[in-house]
Amino acid sequence: MTEDAIIIGGGFAGLSAAMQLARARRRVTILDTGLPRNRFSAHSHGFLAQDGRPGADILADARRQLAVYETVTFRTTSAETLNGERDAFTVVTGDGGQIDARRVLLSTGFEDQLPDIPGLSERWGKTVLHCPYCHGYEVGGGPVGVLARTSDAARFAAVVADWGDVTLFTNAVPEPDERDLAVLEARNVKLRPGRVTAVTDGPGGMLAVETGPGIPTLVKALFVSPEARVRSDIPRDRDLELKATPIGNILHTDDTGQTSLPGLYAAGDIALGAANIALASANGVKTAVFLHHSLIWS
């Protein structure tokens, strides 16, 4: 049986999209490996009416609610390849199956690629963080660090300064220009030059950020914008048009959420770039509505 849509990725964007299509009585299969991008964080913050809840619990509630709709099917597997075209797609799954569908929505999210610094990945989602809006309030003020990965780090550090006393570790990235330096000075951001060589545990639960010989800098948390990579080979295999952003390449989509391949849509982080649960969910809703319209006005 041909599905109306296959949704690849069962995170916040994918499940929000599925809810809209299910309520339109459309047949939907959701493929998900159970590894959401925010799995490294114990709690979600900043999502209205869900502040402080574990992200996994919110997703579990969403799946239970979707399971009530008879036209929704869940498959715990990956999507390995996407063949065919609009109205005649076939997805080959990681468990060896095949599913046919008129439309496909990619919502796989990103895999975060952290700088190769000892001690960084072990603390990811705990004291090494990416989003001050998601975690900055819980840090509680005091000394915090920002690790530069690109030249946009100065702007990021100026924003993070609303959540603490910031030290910007330039980490061998070109130092800010005069205009950015003036903003950083006004925001009381300190610069620490040199390459960061390690992040270790310091006294009193602090992090010790080492920049070569000498006394390490102690911070309560270290913010970094990792390089984000789309968690799917489908964009490469189908030669989809990409869009460069400061965090990495995302999928180019039109105003309806459709990619450069007709009938293939994208939602969530991979279509928005920097996002959070609320933005990803809203984008999933919007894209699903346009996808639904395309089933009628094809």
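Basis of the calculations
Residues numbered from 1 in each chain as written. Predicted model: local features only at pLDDT ≥ 70, side-chain atom pairs only at ≥ 80, totals over all residues. Heavy atoms only, no water. Pairing = 2+ DSSP bridges. Helix = DSSP H or I, 4+ residues; strand = E, 2+ residues; numbered from the N terminus. Contact = heavy atoms within 4.5 Å. Axes fitted to C-alpha atoms, helices over the stretch in contact; angles between N-to-C directions. Buried < 20%, exposed > 50% of the residue type's maximum accessible area, 1.4 Å probe, protein only. Polar contact = N/O pair within 3.5 Å; in protein donor to acceptor, adjacent residues only side chain to side chain. Salt bridge = Lys/Arg side-chain N within 4 Å of Asp/Glu carboxyl O. Left-handed = near helix turned anticlockwise from the far one by under 90°. Nonpolar A, V, L, I, M, F, W, Y, C, P; charged D, E, K, R; others polar. Phe/Tyr/Trp six-rings, centres within 6.5 Å; stacked < 30°, edge-to-face > 60°.

**Here we look at the sheet that holds strand β11 (residues 190-192)**
Next, step 1: The strand order across the open sheet built from five strands is β8-β15-β9-β10-β11, with neighbouring strands paired in parallel fashion. In this open sheet, the two edge strands, each paired with only one partner strand, are β8 (128-129) and β11.
Next, step 2: As defined by bridge partners, β8 adjoins strand β15 (residues 222-224) across two bridges and the pair is classed as parallel. Residue pairing in the sheet places Leu 129 in a bridge with Phe 223 of β15.
Next, step 3: Taken strand by strand, helix α3 (residues 132-139) contacts β8, β9 (143-147) and β15, and its axis lies near 175° from that of β15.

**So, the side chain of Thr 211**
Next, step 1: Relative to the elements of secondary structure, Thr 211 occurs in the loop between β13 (207-210) and β14 (217-219).
Next, step 2: Accessibility expressed as a relative area gives 17% for Thr 211, which makes it buried.
Next, step 3: Among the polar contacts made by the side chain of Thr 211, one reaches the side chain of Arg 192 at a distance of 3.4 Å.
Next, step 4: Residue contacts for Thr 211: discarding those within four places in its chain leaves Phe 169, Arg 192, Pro 193, Arg 195, Val 196 and Thr 197.

**Some words on the pattern of salt bridges**
Next, step 1: For the structure shown, the criterion picks out 14 salt bridges.
Next, step 2: Two residues, Arg 102 and Asp 87, come together in a salt bridge whose shortest N-O distance is 3.2 Å. One end of the pair, Arg 102, is in strand β6 (residues 98-106); the other, Asp 87, is in the loop between β4 (79-85) and β5 (88-93), with 15 residues separating them in the sequence.
Next, step 3: On the accessibility criterion, Asp 87 (35% relative accessible area) is partly exposed.

**Examining the packing of helix α1 (residues 12-23) against helix α8 (residues 277-296)**
Next, step 1: Packing of α1 against α8 leaves a shortest axis separation of 7 Å and a crossing angle of 35°. In the crossing of α1 with α8, the sense of the turn from one axis to the other is right-handed. For the pair α1 and α8, contact is made by Phe 12, Ala 13, Ser 16, Ala 17, Gln 20 and Leu 21 and by Ile 277, Ala 280, Ser 281, Gly 284, Val 285, Ala 288, Leu 291 and His 292, respectively.
Next, step 2: Residue classes in the contact of α1 with α8 are distributed as nine nonpolar, five polar and no charged.

**Let's talk about the packing of aromatic side chains**
Next, step 1: Applying the stated criterion to the full structure yields two aromatic pairs.
Next, step 2: Consider the rings of Phe 12 and Phe 47, whose centres lie 6.4 Å apart with planes at 80°: the pair is edge-to-face. Remark: Phe 47 occurs in the loop between β2 (28-31) and α2 (55-66) and Phe 12 occurs in helix α1; sequence separation between them is 35 residues.
Next, step 3: Ring geometry for Tyr 133 and Trp 163: centres 5.1 Å apart, planes at 80°, overall edge-to-face. Linking Tyr 133 in helix α3 with Trp 163 in the loop between α4 (153-160) and β10 (165-169), this pair joins segments that are 30 residues apart in sequence.
Next, step 4: On the basis of relative accessibility, which here comes to 59%, the residue Tyr 133 falls in the exposed class.

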